[in-house]
Amino acid sequence: MSAFTYDLLVIGSGPAGQRAAIQAAKLNKRVAIIERKTVVGGVCVNTGTIPSKTFREAALYLSGYRLRGVYGASYTVKQHITMDDLLFRTDHVIRGEIDVTRHQLMRNQVDVLCATASFVDAHTVQLVDAEEGGVRMVTGEHIVIATGTEVTRDDSIPFDGQRIFCSDDVMHLKQLPRSLTVVGAGVIGLEYASIFASLGVRVTLIDKRHRLLPFVDAELTDTLAYHLRENRVTLRLGEEVSSMELITDTLGDRVRIHLASGKQIITESALYSIGRTGATAALNMSAAGVATDARGRLTVNEQYQTSVPHIYAVGDVIGFPSLASTSMEQGRLAACHAFGVEATSVPALFPYGIYSIPEISICGRNEEELTEQGVPYEVGKAQYREIARGQIIGDSVGLLKLIFHLDTHQLLGVHIIGEGASELVHIGQAVLAFGGTVDYFVNTVFNYPTLAECYKTAAFDGINRLGLAPANDWLAVPGAAA
Ligand SMILES: Cc1cc2nc3c(=O)[nH]c(=O)nc-3n(C[C@H](O)[C@H](O)[C@H](O)COP(=O)(O)OP(=O)(O)OC[C@H]3O[C@@H](n4cnc5c(N)ncnc54)[C@H](O)[C@@H]3O)c2cc1C
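Attention here is on the structure that accompanies the text. (Residues numbered from 1 in each chain as written. Predicted model: local features only at pLDDT ≥ 70, side-chain atom pairs only at ≥ 80, totals over all residues. Heavy atoms only, no water.)

## What about the overall build of the protein chain?
Phase 1 of the analysis: Check the secondary structure of the protein chain and you find 14 helices and 21 strands.
Phase 2 of the analysis: Viewed in the frame of its principal axes, the protein chain has a C-alpha envelope of about 75 × 65 × 40 Å.
Phase 3 of the analysis: Counting across all 482 residues of the protein chain, residues that qualify as buried make up 52%.
Phase 4 of the analysis: Total accessible area computed for the protein chain in this model is approximately 21,800 Å², and 51% of it derives from carbon and sulfur atoms.
Phase 5 of the analysis: Put simply, the protein chain has 41 plus and 52 minus side-chain charges, and the middle of one group is 4 Å from the middle of the other. (Helix = DSSP H or I, 4+ residues; strand = E, 2+ residues; numbered from the N terminus. Buried < 20%, exposed > 50% of the residue type's maximum accessible area, 1.4 Å probe, protein only. Areas by Shrake-Rupley, 256 points an atom, 1.4 Å probe, with all protein chains shown as cover. Lys, Arg positive; Asp, Glu negative; His and termini not counted. Charge placed at Lys NZ, Arg CZ, Asp CG, Glu CD.)

## Topic: the site of the ligand
Phase 1 of the analysis: Taken together, 35 residues sit near the ligand, with Glu35, Thr49, Lys53, Asp316 and Ala324 positioned nearest.
Phase 2 of the analysis: The separation between an oxygen atom of the ligand and a polar main-chain atom of Cys44 is 3.3 Å.
Phase 3 of the analysis: Its free accessible area being 1,000 Å², the ligand has 95% of it covered by the protein chains.
Phase 4 of the analysis: Those elements that place two or more of their residues in the shell around the ligand are helix H1 (15-26), strand E2 (31-35), helix H2 (42-46), helix H3 (49-63), strand E3 (111-119) and helix H9 (324-338). (Near = heavy atom within 4 Å. Polar contact = N/O pair within 3.5 Å; in protein donor to acceptor, adjacent residues only side chain to side chain.)

## Topic: the nonpolar core
Phase 1 of the analysis: Formed by 53 residues in total, the largest nonpolar core has its most connected members in Ile34, Phe119 and Val125.
Phase 2 of the analysis: It is H1 that provides the largest number of residues to this core, a total of six residues.
Phase 3 of the analysis: When residues no more than four places from it in sequence are discounted, the contact partners of Phe119 are Ile11, Thr124, Val125, Ile143, Ile145, Leu283, Asn284, Met285, Ala287, Ala288 and Ile311.
Phase 4 of the analysis: Among the nonpolar cores identified, the runner-up in size contains 48 residues, and Val187, Leu323, Tyr352 and Ile354 belong to it. (Core = buried A, V, L, I, M, F, W, Y, C linked by side-chain atoms within 4.5 Å. Contact = heavy atoms within 4.5 Å.)

## Quick word on the side chain of His409
Phase 1 of the analysis: Within the secondary structure, His409 is located in the loop between strand E20 (399-405) and strand E21 (411-417).
Phase 2 of the analysis: Looking at His409, its side chain comes within polar contact range of the side chain of Asp439, at 2.9 Å.
Phase 3 of the analysis: Once you skip the residues sitting within four places of it in the chain, His409 turns out to touch Phe404, Gly436, Thr437, Val438, Asp439, Ile463 and Leu466.

## So, the sheet that holds strand E12 (residues 252-259)
Phase 1 of the analysis: With respect to topology, three strands assemble into an open sheet ordered E11-E12-E13, the strand pairing being antiparallel. In the strand order of this sheet, the two ends are held by strand E11 (241-249) and strand E13 (264-267), each with one partner. Each neighbouring strand pair of the sheet contributes to a mean axis angle of 20 degrees, computed without reference to strand direction.
Phase 2 of the analysis: As paired strands, E12 and E13 are joined by four bridges and run antiparallel to one another. (Pairing = 2+ DSSP bridges. Axes fitted to C-alpha atoms, helices over the stretch in contact; angles between N-to-C directions.)

## Examining the pattern of salt bridges
Phase 1 of the analysis: Per the stated rule, a full pass over the model turns up 20 salt bridges.
Phase 2 of the analysis: Between Arg30 and Asp7 there is a salt bridge, and its shortest N-O distance comes to 3.1 Å. Of the two residues, Arg30 sits in the loop between H1 and E2 while Asp7 sits in strand E1 (residues 6-11), which places them 23 residues apart along the sequence.
Phase 3 of the analysis: Notably, a salt bridge pairs Glu359 with Arg56, separated by 3.5 Å at the nearest N-O pair. In this pair, Glu359 is assigned in the loop between strand E17 (352-354) and strand E18 (360-364) and Arg56 in helix H3, connecting sequence segments 303 residues apart. Judged on exposure class, the residue Glu359 and its partner Arg56 are both buried.
Phase 4 of the analysis: One network of salt bridges, with partners in common, ties together Asp217, Glu219, Glu367, Lys381 and Lys401. (Salt bridge = Lys/Arg side-chain N within 4 Å of Asp/Glu carboxyl O.)

## Some words on the sheet that holds E20
Phase 1 of the analysis: What the five strands build is an open sheet, ordered E17-E18-E21-E20-E19; its pairing is antiparallel. On the outer flanks of this sheet lie E17 and strand E19 (377-383), each paired with one strand and no other. With direction set aside, neighbouring strand axes in the sheet form an average angle of 10 degrees.
Phase 2 of the analysis: Running over the sheet, helix H7 (residues 218-230) touches E18, E19, E20 and E21 and is turned about 0 degrees from E21.

## Some words on helix H6 (residues 187-198)
Phase 1 of the analysis: Counted at 1.5 Å a residue, the expected span for H6 with its twelve residues is 16 Å, and the 17 Å between its end C-alpha atoms agrees.
Phase 2 of the analysis: Taken together, the buried positions of H6 are occupied by Val187, Gly189, Leu190, Glu191, Tyr192, Ala193, Ser194, Ile195, Phe196, Ala197 and Ser198.
Phase 3 of the analysis: Gly200 sits one or two residues past H6 and shows a positive phi near 90 degrees. (Expected span 1.5 Å × (residues − 1).)

## Regarding the environment of Val445
Phase 1 of the analysis: Here Val445 is to be found in the loop between helix H13 (439-442) and helix H14 (453-465).
Phase 2 of the analysis: Sequence-wise, Val445 and Leu271 are 174 residues apart; in three dimensions their C-alpha atoms are separated by 45 Å.

## Describing unusual backbone geometry
Peptide bonds are mostly trans, and most non-glycine residues show a negative phi.
Phase 1 of the analysis: Omega for the bond connecting Phe320 with Pro321 falls within 30 degrees of zero, at 0 degrees, which places this linkage in the cis form.
Phase 2 of the analysis: In this model, Tyr448 is joined to Pro449 through a cis peptide bond whose omega is -5 degrees.
Phase 3 of the analysis: Of note, Asn284 is a non-glycine position whose phi angle comes to about 55 degrees, a positive value.
Phase 4 of the analysis: Mapped onto the fold, Asn284 is located in the loop between strand E15 (276-278) and helix H8 (285-288).
Phase 5 of the analysis: The phi torsion at His409 lies on the positive side, around 65 degrees, for a residue other than glycine.
Phase 6 of the analysis: Using a relative accessible area of 14% as the deciding quantity, one classes His409 as buried.

## Notes on the packing of aromatic side chains
Phase 1 of the analysis: Across all of its chains, the model carries ten aromatic pairs by this definition.
Phase 2 of the analysis: Geometrically, the ring pair formed by Phe55 and Tyr192 is edge-to-face, given 6.3 Å between the ring centres and 70 degrees between the ring planes. Linking Phe55 in helix H3 with Tyr192 in helix H6, this pair joins segments that are 137 residues apart in sequence. Comparing Phe55 with Tyr192 shows no difference in burial state: the two are buried.
Phase 3 of the analysis: Taking the centre distance of 5.4 Å and the plane angle of 70 degrees together, the rings of Tyr440 and Phe441 count as edge-to-face.
Phase 4 of the analysis: Against the face of Phe159 rests Arg153, its NZ or CZ located 4.8 Å from the ring centre. (Phe/Tyr/Trp six-rings, centres within 6.5 Å; stacked < 30°, edge-to-face > 60°. Lys NZ or Arg CZ within 6 Å of the ring centre and 35° of its normal.)

Here's what the structure looks like:
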C-alpha cells in the first residue's frame, strides 16, 4: 500500500485536469481532483469556451446574421434582442456540461475535492475548503497542476463589471450596450468584438499591434478586417490605451478612453481583454521547488514534467497554444507518462479555431512561415460563393486556401475563413497528418452540395496555377477556378 493518500492528485478541474484524472483512473489509480470553485469544468465550461460559443450561437440565430446573405441585410429573427434572450441558452448549456463532467468523474471513481490547493512540500498539498474554510492535507505520489489562467487585470482600470468589464463578466451584463470598445484584439477580444457587432452594437477595436492575429495567414486576417469594417467595426490598430475612466455626462454613464496618440474614445461600455495570467499565485509553488515565470506560467519538458519530475503541469498554465483541445490531450499524456504508459506528445499539427464572425480555422504552415523557411509552394483557393453550398447558405465571404509543396504536391497548410471553418479544417488536418498531397482532393469525390467541395475546387485551382499541360483533365472540370 502506497504511503500517499492518492496515486495522482490533480489541481484544477478544467479540460486538462479532467483528462489527466480520468486517464489515471482508467489505469486503476487512486485519483483526486481538487477544484477551488463549487462547480467543476474550469474556465472552459463556466466562463470561457462554452459560454462564449453558446452566446455566439444565440447572437447568430437571434440577429438572423447567417441568413442575411439570403434574405437581405435587414433580416432578423428578433428585433429587440436583450441579454436575457442571449443568455437563456447559455445557462442551460453550462449546467448540462457541468453535469456531464461531474458524472464522468464520478463514474471513474475520481474523488472531487472542493477546495483551494497550495503546496506544503513537493508531495503534500493543503486544501482550504471552498465553502466552509476548513483546512486539511492530502499527499500525492504524482501531482498534475492544471490550474489554467485568470484574466490579467490592470489596477489602474476602474472595472465595475458593467461599463468596464472583462471576458469573465460578459455573461453577467445586465443590458446590451449600444456602443462597445474592445481593448485588445487577441482571439477573445476579436471573438467578442465580432459577436457584439453582429447584434448591431457599434464596436471599436483597439490593439497596439498593427495587424490582427499575426499568427494567422495574412489573407485570412485581411478578409476578417474587411468583414469587420463592413459590420461597422472601427479598427484602431497600432494604438495604445493610456487610461480609462468612468464618466457621467448629459448622455448618461459612459466610459472615456485615452489613447497614447492623444485621441479619445467615448463609449457606452468597454471590454478590457489584454491577456491572461497563469493561475499559480495561490499554489505556493516555491514550497514544491518549482518556479513560475513573470506571467505566472510553468515551464515543462516534452512529457509535461516541471523541474520536479513527479510534478506535471498541463493546459493553459503552461502557455501556448492555450486551447481546450490541446489542454485535454496534454492532461491525458501527462497521466500516461506518470504511470509509465507509452504515449507521444501532442502533435505539432493541431487545428486552431477562432470563433470570430466569420470564423477562422487553420492547420499547418502559412505563406509567411513557408517563405521564411525557403520552402517552395503553390496555393489553391476556393471562394465559398463558387460552391453550390456556399450559394445556398449565402456565405459570400468564405475562403478555403490550400498550400502545397511546389514539387511534391504535399499538402503543407489549410487556412479557412467562413461558415463551418472549424469543422471543415479537420479534412485538411487528416490529409496533412498522413503526409497526403493536394492531388488527393482532385481525385476524390465529396458529397454535393457541401462546403467540403471547396477542397476539390481549391485543389484544381492550385494545380492549374502550376501551368501543367492542358492534357490534364482537371483543367476542364467545372468549378475549377480559371
Ligand atoms: C472567453 C474565452 C473563450 C475561449 N474560447 C475557446 C475556444 O473557442 N476554443 C478553445 O479551444 N479554447 C477556448 N478558450 C480557452 C480554453 O477555455 C482554455 O484553453 C481551457 O479552459 C484551458 O483548460 P485548463 O484545464 O488548462 O484550465 P481551466 O479551464 O482554466 O481550469 C482551471 C481550473 O483550475 C482551478 N484552480 C485554479 N487554481 C486552483 C487552486 N489553487 N486550487 C484548486 N483549483 C484551482 C480553477 O478554478 C479552474 O476551474 C477560451 C477561453 C476564454 C477565456
